[in-house]
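Chains, contacts and geometry: an overview
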Amino acid sequence: MTFLHFIPITFFQWCEAVWPGRWIKEATWVFAITETVHIMVLAVLMGSIFVVDLRLLGVGMKRRTASQLSKDLSPWMFTSVVLMVITGTALYMSEAVRLSQSAPFFFKILSLVLALIVQFTIIRSSTQPGKPEGAPLGKIAACLSLFFWFGVAFAGRAIAFL
Amino acid sequence: MHYIQAFCQWLNETQWSTYIRESDYPFPIIETFHVIGLAVSVGVVMWLDLRFLNIVMRDEPIQSVVDQLEPWAMGGFVIMFVSGALLFLSEPMKCYNTLAFRLKVIMLILTGLNVMYFHAKLYARLPEFDKLPNPPWQLKMVGIVSFVFWFGIIIAGRWTAYF
């Protein structure tokens, strides 16, 4: 399954033709720098998601509540999501036509959408203050969150190889 | 340098090195584990660094943060180190000749020394630091060095692949 099944090729050609896609495509070092920033921010993002999800599963930072932890880390998490989307969109636009035919890219975006839905619904509700410890919904939310976010990272890496 | 080069040349010719280098799947699979181990390990280490700098979880004792997070950082590091060693095994000569990789190794060694310094000199004094309104400069230095070098290692690692 790829995006080319739903969206006409002219859209992807347009992405590569406009700024910043065209600019990144023409200056190779801009792609390398943008990709390096994308990976640095990945570490910040995955670190914050991982620590909160582990806590919901009852491991890791057990001496703090999930809601305390989420409050500590969420500014970092949301800033990194925004930076990931900005750098990711820029990288995407520089090779939109190739990515339109890439199955890993399709699954990356699918996994990302699902990860964000989980984040803003059940993870958010499970990390509200006063939630009971070790609630089953929180554990399910944490498993889904880990599965989809690692899915994004796995599929993202696979884009370069498949 | 001569000995390192000879070692890399020898390694390059071994059966394992040739196997990973010449087959289709092992390299991408190992690299994927490397990047995911990195995200978890550096992402967790970062919370320790930010706690040392008094930026996050200020109401949680420093030692408590270290004790709870360090096992996960170590776990991520082991995945990263093993997968990294296998990636190096697959192309030792390329790594040897790449400036970015040499810088990466130097930064890794310095990061290791930084962790050893923390455990040898500062860890036992953490309860005492927790009574202070602000962590002492030595602890902040450990946090800054770790933060800067880890992100330096990511940059150098990414650039090793480009050259």
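Summarised in this report is the structure supplied together with it. (Residues numbered from 1 in each chain as written. Chains lettered and ligands numbered in written order. Predicted model: local features only at pLDDT ≥ 70, side-chain atom pairs only at ≥ 80, totals over all residues.)

Observations concerning the overall build of chain A
For clarity, the cut-off: Working definition: helices are DSSP H or I runs of at least four residues, strands are E runs of at least two. Numbering for both runs from the N terminus. Put plainly, a residue is buried at 20 or more neighbouring C-beta atoms within 10 Å of its own, exposed at 12 or fewer, and partly exposed in between, counting only other residues' C-beta atoms, which are placed from the backbone. C-beta atoms are first placed from the backbone for all residues, and any pair lying within 7 Å is then listed as a contact.
For chain A, the helix and strand inventory stands at seven helices and zero strands. The helix and strand sequence of chain A, counted from the amino end, reads α-α-α-α-α-α-α. Counting all 162 residues of chain A, 40% fall into the buried class. Long-range contacts, defined here as pairs at least 24 residues apart, represent 77% of the contacts in chain A between residues at least 6 apart.

Digging into the interface of chain A and chain B
For clarity, the threshold we go by: Gly falls in the polar group here, along with every residue not listed as nonpolar (Ala, Val, Leu, Ile, Met, Phe, Trp, Tyr, Cys, Pro) or charged (Asp, Glu, Lys, Arg).
Tallying the contact residues gives 24 residues for chain A and 25 residues for chain B. Of all the secondary structure elements, the ones that give two or more residues to the side of chain A that touches chain B are α3 (28-56) and α7 (136-159) of chain A. Ranked by residue count, the leading element in the side of chain A that touches chain B is α3(A), at 13 residues. Looking at the side of chain A that touches chain B residue by residue, the class counts come to 14 nonpolar, four polar and six charged.

Let's talk about helix α6 (residues 99-122) of chain B
Short version of the rule: Multiply 1.5 Å by the residue count of a helix minus one, and that product is the helix's expected span.
With 24 residues, α6(B) extends 33 Å between its outermost C-alpha atoms, agreeing within 8% with the 34 Å of an ideal straight helix rising 1.5 Å per residue. Where α6(B) is buried, its residues touch α5 (92-96), α7 (126-130) and α8 (137-162) of chain B.

A look at the environment of Ile30(B)
Residues and elements named next belong to chain B. Its location among the elements puts Ile 30 in helix α3 (residues 26-52). For Ile 30, a count of 18 C-beta atoms within 10 Å gives the class partly exposed. When the C-alpha atoms of Ile 30 and Leu 87 are compared, they prove to be 7.1 Å apart, with 57 residues separating the residues in sequence. Not counting residues within four places of it along the chain, the set of residues in contact with Ile 30 comprises Ser 83, Leu 86 and Leu 87.

A closer look at the nonpolar core
The following threshold applies: For this analysis, nonpolar core means a set of buried Ala, Val, Leu, Ile, Met, Phe, Trp, Tyr and Cys residues linked through C-beta atoms within 7 Å.
By size, the foremost hydrophobic cluster in this structure holds 59 residues, and its most contacted members are Leu42(A), Met46(A), Val51(A), Ala39(B) and Val44(B). Broken down by secondary-structure element, the contributors of at least two residues to this core are α3, α4 (66-94), α6 (103-126) and α7 of chain A together with α3, α4 (62-90), α6 and α8 of chain B. In terms of residues, this core owes the most to one element, α3(A), which gives 13 residues. With residues near it in sequence (within four places) discarded, Leu42(A) still touches Met84(A), Ala153(A) and Ala39(B). Core analysis: the next-biggest nonpolar cluster, separate from the first, contains 11 residues, Cys15(A), Ala90(A), Met93(A) and Phe105(A) among them.

Describing unusual backbone geometry
Residue Pro20(A) is reached from Trp19(A) by a cis peptide bond, and omega for that bond is 5°. Position of Pro20(A) relative to the elements: it lies in the loop between α1 (9-17) and α2 (21-26). The backbone of Asn54(B) sits at a positive phi, close to 65°, despite the residue not being glycine. With respect to the element layout, Asn54(B) can be found in the loop between α3 and α4. We classify Asn54(B) as partly exposed; it has 16 C-beta atoms within 10 Å. You will see that Met57(B), though not glycine, has its phi angle at about 45°, which is positive. Along the chain, Met57(B) turns up in the loop between α3 and α4.

Overview of α4(A)
Residues separated by three or four positions in an α-helix point in the same direction, a consequence of the helix having 3.6 residues per turn. Our working definition: Bend angle per residue: angle between axes fitted to the 7 residues ending at that residue and the 7 residues starting there.
Helix length check: α4(A), at 29 residues, gives a terminal C-alpha distance of 39 Å against a target of 42 Å (1.5 Å per residue), a fit within 8%. Bending of α4(A) peaks at approximately 50° at the position of Leu73(A), with proline Pro75(A) no more than four residues after it.

Quick look at the environment of Leu69(B)
With respect to the secondary-structure elements, Leu69(B) resides in helix α4. By C-beta crowding, Leu69(B) is classed as buried, having 22 other C-beta atoms within 10 Å. Non-local contacts of Leu69(B), meaning those with residues more than four positions away in its chain, are made with Gly60(A), Met61(A), Val44(B), Trp47(B) and Leu48(B).

Side note on the environment of Leu137(A)
With respect to the element layout, Leu137(A) can be found in helix α7. On a C-alpha basis, the gap between Leu137(A) and Leu45(A) in space is 23 Å, while along the polypeptide they are 92 residues apart.

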